[in-house]
Amino acid sequence: MNFYCLVFLSLIFPLPSISAQVSLCNEEISFATMVGKNQEWQVDTNLVDMEHQMQATSVQSTESGVTAGLRPWKGQSNWRHRHHLKNVHGILNIFGWGFLLPTGAIVARNFRDFPLKCDEWYQLHTLCQTSGYIVGTVGWGIGIWLGNSSKQYTLKAHRIVGIIIFTFATLQMLALWLQPKKEDKFRKCWEIYHHLLGYALIVLSIANIFDGISNIQSHAAEKWRWVYVGMLIILASTAVALEVYRWIKSKNQQQMAFDENELYASSEQI
């Protein structure tokens, strides 16, 4: 009996330790499960963060790529726009200051009374001068805008001469509308002023046009130079031909006047 009691008691007393071990094992398993879940949650969180970061990086790289793609296109567009305005500036100034104004001067000198008489000479002269002034002023305004919008290519000498040309041309236009009458005592002074200022304007215009062409940094500069040289050759040939005709006609008139005087003198002697 005592033996069985001892066996029974030995079975009863180890039970708490076994229960404690079982309970400890369960707690370790639960803790391991919680740690595993926590690690899984952290991994998932890290994956989500990495995914968001990759998306942000992708968007940023895409935006920078678009920006990098847009900036060269915008710069190229601005360059084309400025190049087009430079061509317009040169063409208008060549045609306005460099061709129409000299043509108006040729008309005024040779078609007023001598050597060729044209009743509409003043209208032609005014038309050439007014058209040249308008066209040249538009080209001058474009040049001023190009100079103000660019910090690299200011071309100070070309700009200053252009302003002087515009000032002289404006004074010439005012002279057309404010000229004194033929009977006025200041008429002769006005004619001298008008002629000197007009010829100075033509010389400055031609010089500044060649200076502008020399500032063109491309192979087109040589083409524009020869185009304007051709226009000047036409103007100069016309002016020289008319001057030669003026000289020949003047000589003929002098010879005719001399012959008439000789004939009149001989008739008086008879």
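Residues numbered from 1 in each chain as written. Predicted model: local features only at pLDDT ≥ 70, side-chain atom pairs only at ≥ 80, totals over all residues. Heavy atoms only, no water.

(A) Local environment of the overall build of the chain. Of the regular secondary structure elements, the chain holds 6 helices and 0 strands. For the chain, the succession of helices and strands along the chain, N to C, is α-α-α-α-α-α. Considering the chain as a whole, with its 270 residues, one finds that 22% of them fall into the buried category. Here the chain has roughly 19,600 Å² of accessible surface; of this, 67% comes from carbon and sulfur atoms. (Helix = DSSP H or I, 4+ residues; strand = E, 2+ residues; numbered from the N terminus. Buried < 20%, exposed > 50% of the residue type's maximum accessible area, 1.4 Å probe, protein only. Areas by Shrake-Rupley, 256 points an atom, 1.4 Å probe, with all protein chains shown as cover.)

(B) Inspection of the layout of surface pockets at higher detail. Reported here for the largest pocket is a volume of approximately 1,100 Å³. Along its surface, the largest pocket is lined by 36 residues, and Lys86, His89, Leu155, Gly212 and Ile216 are the ones closest to its centre. When contributions to the lining of the largest pocket are tallied by element, the ones reaching two or more residues are helix 2 (14–110), helix 3 (121–149), helix 4 (156–177), helix 5 (187–214) and helix 6 (220–269). Element by element, the count of residues in the lining of the largest pocket is highest for helix 2, at 11 residues. Broken down by class, the residue content of the lining of the largest pocket amounts to 16 nonpolar, 17 polar and 3 charged. By volume, the second largest pocket is sized at about 610 Å³. What lines the second largest pocket is a set of 24 residues, among which Ala108, Arg112, Trp121, His194 and His195 lie closest to the centre. Among the elements of the structure, helix 2, helix 3, helix 4 and helix 5 are those that each provide at least two residues to the lining of the second largest pocket. (1 Å grid on protein atoms, 1.4 Å probe; cavity = no way out; pocket = protein on both sides within 12 Å on 5 of 7 lines; lining within 4 Å. Points joined across faces, edges and corners; volume = space filled by probe spheres on them. Nonpolar A, V, L, I, M, F, W, Y, C, P; charged D, E, K, R; others polar.)

(C) Seen up close, the environment of cysteine 118. Residue placement: cysteine 118 occurs in the loop between helix 2 and helix 3. Here the alpha-carbon distance between cysteine 118 and alanine 108, two residues 10 residues apart in the chain, equals 10.0 Å. If sequence neighbours within four positions are ignored, cysteine 118 has contacts with Phe111, Arg112 and Leu124. (Contact = heavy atoms within 4.5 Å.)

(D) Highlighting the nonpolar core. Formed by Ile94, Ile106, Ile209, Ile213, Ala221, Tyr228, Met231, Leu232, Leu235 and Leu242, the largest nonpolar core amounts to 10 residues. Mapped onto this core, the elements with two or more residues apiece are helix 2, helix 5 and helix 6. For this core, the element with the most residues is helix 6, which contributes 6 residues. Filtering out sequence-adjacent residues up to four positions away, isoleucine 213 remains in contact with Ile94, Ala221, Trp224, Arg225 and Tyr228. If you look at the next biggest cluster of nonpolar residues, it comprises 8 residues, including Leu101, Ile165, Ala169 and Leu201. (Core = buried A, V, L, I, M, F, W, Y, C linked by side-chain atoms within 4.5 Å.)

(E) Looking closely at helix 4. With 22 residues, helix 4 should cover 32 Å at 1.5 Å per step; its first-to-last C-alpha distance of 32 Å lies within 8% of that length. Buried within helix 4 are the following residues: His158, Gly162, Ile165, Ala169, Gln172, Met173, Ala175 and Leu176. Along the axis of helix 4, the buried residues cluster in a sector spanning 150 degrees; they form a single face. The exposed residues of helix 4 that point more than 90 degrees off its buried face are Lys156, Ile160 and Trp177. (Expected span 1.5 Å × (residues − 1). Arc of directions from axis to C-beta.)

(F) A look at the packing of helix 3 against helix 4. The N-to-C vectors of helix 3 and helix 4 enclose an angle of 150 degrees; their axes lie 10 Å apart at closest approach. Considered as vectors, helix 3 and helix 4 are oriented roughly antiparallel to each other. Crossing angle aside, the handedness with which helix 3 passes helix 4 is left-handed. Of helix 4, the residues touching helix 3 (which contributes Tyr122, His125, Gln129, Thr130, Tyr133, Thr137, Trp140, Ile144, Gly147 and Asn148) are Arg159, Gly162, Ile163, Phe166, Ala169, Thr170, Met173 and Leu176. Class assignment of the residues belonging to the contact of helix 3 with helix 4 gives a composition of 9 nonpolar, 8 polar and 1 charged. (Axes fitted to C-alpha atoms, helices over the stretch in contact; angles between N-to-C directions. Parallel < 35°, antiparallel > 145°, perpendicular 65-115°, else oblique. Left-handed = near helix turned anticlockwise from the far one by under 90°.)

(G) Region of interest: the packing of helix 4 against helix 5. Between helix 4 and helix 5, whose axes approach to 9 Å, the crossing angle comes to 150 degrees. In this view, helix 4 runs roughly antiparallel relative to helix 5, as classed from their interaxial angle. Considering only the axes of helix 4 and helix 5, their crossing is left-handed. Facing His158, Val161, Gly162, Ile164, Ile165, Phe168, Ala169, Leu171, Gln172, Ala175 and Leu176 of helix 4, the residues of helix 5 in contact are Trp190, Tyr193, His194, Leu197, Gly198, Ala200, Leu201, Leu204, Ser205, Asn208, Asp211 and Gly212. Among the residues making up the contact of helix 4 with helix 5, the classes are represented as 14 nonpolar, 8 polar and 1 charged.

(H) Highlighting the pattern of salt bridges. Following the criterion strictly, the structure yields 4 salt bridges and no others. The salt bridge partner of aspartate 113 is lysine 117, with a shortest N-O separation of 3.5 Å. Overall, the relative accessible area of 62% leaves lysine 117 in the exposed class. (Salt bridge = Lys/Arg side-chain N within 4 Å of Asp/Glu carboxyl O.)

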